[in-house]
Amino acid sequence: MATLTILNYPDPRLHTVAKPVQEVNDEIHQLVNDMAETMYAAPGIGLAATQVNRHIQLIVIDSSKEQNDLLVLINPKIVVKSGTQDYEEGCLSVPGVYEMVTRAEKITVEALDKQGKKFKLNAEGLLAVCIQHEIDHLLGKVFVEYLSPLKRNRIKTKMIKQNRQK
Ligand code: K2U
Ligand code: ZN
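Cut-offs applied
- Here the residue numbers are simple positions, counted from 1 along each chain's written sequence.
- Ligands are numbered from 1 and chains lettered from A, in the order in which they are written.
- A pLDDT threshold of at least 70 governs which residues receive local features in this predicted model, and a stricter bar of 80 or more applies before side-chain atom pairs are shown or counted, although totals over entire chains, interfaces and linings include all residues.
- Note: side-chain values were computed over all heavy atoms of the structure, leaving out hydrogens and water.
- Should DSSP find at least two bridges between two strands, the strands are regarded as paired.
- Secondary structure elements follow DSSP: runs of H or I of four or more residues count as helices, runs of E of two or more count as strands, with numbering from the N terminus.
- Any residue with a heavy atom positioned within 4 Å of a molecule or strand is treated as near that molecule or strand.
- We call two N or O atoms a polar contact when they sit within 3.5 Å, provided that within protein one can donate a hydrogen and the other can accept it, with sequence-adjacent residues counted only if both atoms are side-chain atoms.
- The Shrake-Rupley method, run with a 1.4 Å probe sphere, supplies the accessible areas, and residue values consider only the shown protein chains as cover.
- Gly falls in the polar group here, along with every residue not listed as nonpolar (Ala, Val, Leu, Ile, Met, Phe, Trp, Tyr, Cys, Pro) or charged (Asp, Glu, Lys, Arg).
- Metal donors: N, O and S atoms at distances within 2.8 Å, or within 3.2 Å for Na, K and Ca, with water omitted from the atom set so that some sites may seem incomplete.
- For the exposure calls, accessible area comes from a 1.4 Å probe over protein chains only, and a residue counts as buried if that area is under 20% of its type's maximum, exposed if over 50%, partly exposed in between.
- By salt bridge we mean one thing: a side-chain nitrogen of Lys or Arg within 4 Å of a carboxyl oxygen of Asp or Glu.

**A word on the pairing of strand β6 (residues 106-112)**
Phase 1: As paired strands, strand β3 (residues 71-82) and β6 are joined by six bridges and run antiparallel to one another. Its bridge partner lying in β6, Ile 78 is registered against Val 109.
Phase 2: Across seven bridges, β6 lies against strand β7 (residues 118-124) in antiparallel orientation. Residue pairing for β7: Ala 111 is matched across the bridge by Phe 119.
Phase 3: Between β6 and β7, which pair antiparallel in sequence order, lie five residues; one of them, Gly 116, sits at a positive phi of approximately 85°.

**Regarding the site of ligand 1**
Phase 1: Taken together, 15 residues are adjacent to ligand 1, and Gly 46, Gln 51, Leu 92, His 133 and Glu 134 come closest.
Phase 2: Measuring from an oxygen atom of ligand 1, one finds a backbone N or O atom of Leu 92 at 2.6 Å.
Phase 3: In this structure, an oxygen atom belonging to ligand 1 sits 2.8 Å away from a side-chain N or O atom of Glu 134.
Phase 4: When isolated, ligand 1 has an accessible area of 470 Å², and the protein chains bury 85% of it.
Phase 5: Mapped by element, the contributors of at least two residues to the shell around ligand 1 are β4 (85-89) and α2 (125-138).
Phase 6: Here the shell around ligand 1 is built from residues that sort into seven nonpolar, six polar and two charged.

**Examining the coordination of the zinc ion (ligand 2)**
Phase 1: Distances from the zinc ion (ligand 2) to its protein donors, namely Cys 91 (SG), His 133 (NE2) and His 137 (NE2), fall within the range 2.1 to 2.2 Å.
Phase 2: Each donor residue of the zinc ion (ligand 2) lies on the same chain, and together they follow the pattern C-x41-H-x3-H. Of this pair, Cys 91 sits in the loop between β4 and β5 (99-103) while His 133 is found in helix α2, placing the two residues 42 residues apart along the sequence. Neither residue differs from the other here; Cys 91 and His 133 are each classed as buried.

**Remarks on the pattern of salt bridges**
Phase 1: Considering all chains together, one arrives at seven salt bridges under this definition.
Phase 2: We note a salt bridge from Asp 136 to Arg 103, for which the minimum N-O separation is 2.9 Å. On the criterion of sequence distance, the pair formed by Asp 136 in helix α2 and Arg 103 in strand β5 is long-range, its members being 33 residues apart. By the burial criterion, Asp 136 is buried, and Arg 103 matches it.
Phase 3: For Glu 110, the salt bridge identified is with Lys 118, shortest N-O distance 4.0 Å.
Phase 4: On the basis of relative accessibility, which here comes to 60%, the residue Lys 118 falls in the exposed class.
Phase 5: Members of the salt-bridge network, linked through shared partners, are Glu 89, Arg 103 and Asp 136.

Coordinates in, geometry out; function isn't part of it.
Right under this line is the structure:
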């Protein structure tokens with residue numbers, strides 16, 4: 001297992017559109033393990049492959065209290081959305097920034113699991129927010145893009161300064 005480097009906004013690689021996973025093989029299994037280790041170490045409750053500079057449709061999530069219930073979504077697709085909810089989101093690629101974002105309240109998502117088997121999941125609340133946030137990453141979208149241009153530019157300037165100091 002290894003912890004991977006997380007890309008920081010405004011790295012242009014975060015705007016890459018991820019490609020579908022063709023075969024759920026040992027390489028994918030290794031990446032799942034490394035992404036999970038990276039997410040738990042951050043700490044976070046979700047991580048998309050885009051954030052570790054791997055541009056394939058793969059997400060890991062663990063929104064459980066005990067952080068012992070890993071959800072793996074390969075080639076995820078939201079097939080049903082209903083309602084709206086506001087949530088103060090953060091992002092491991094935009095450290096120290098928390099802003100309100102409105103997303104669907106309930107979703108149904110179809111994906112492949114770690115064994116490559118198709119499954120369907122109904123989610124609401126924080127899990128629904130996280131899945132939508134992570135699927136945005138696979139589409140090359142970072143949550144700050146939901147904010148006003150003024151707020152987004154202030155965050156971009158702050159992050160560029162922060163990244164220089166590292
Ligand atoms: O994609 C990521 O950067 C991980 C996100 C996942 C997430 C974003 C917004 C709302 C829920 C989940 C977070 O950085 S993980 C940190 C976190 C932890 C608990 C609640 C919200 C965010
Ligand atoms: Zn994020």
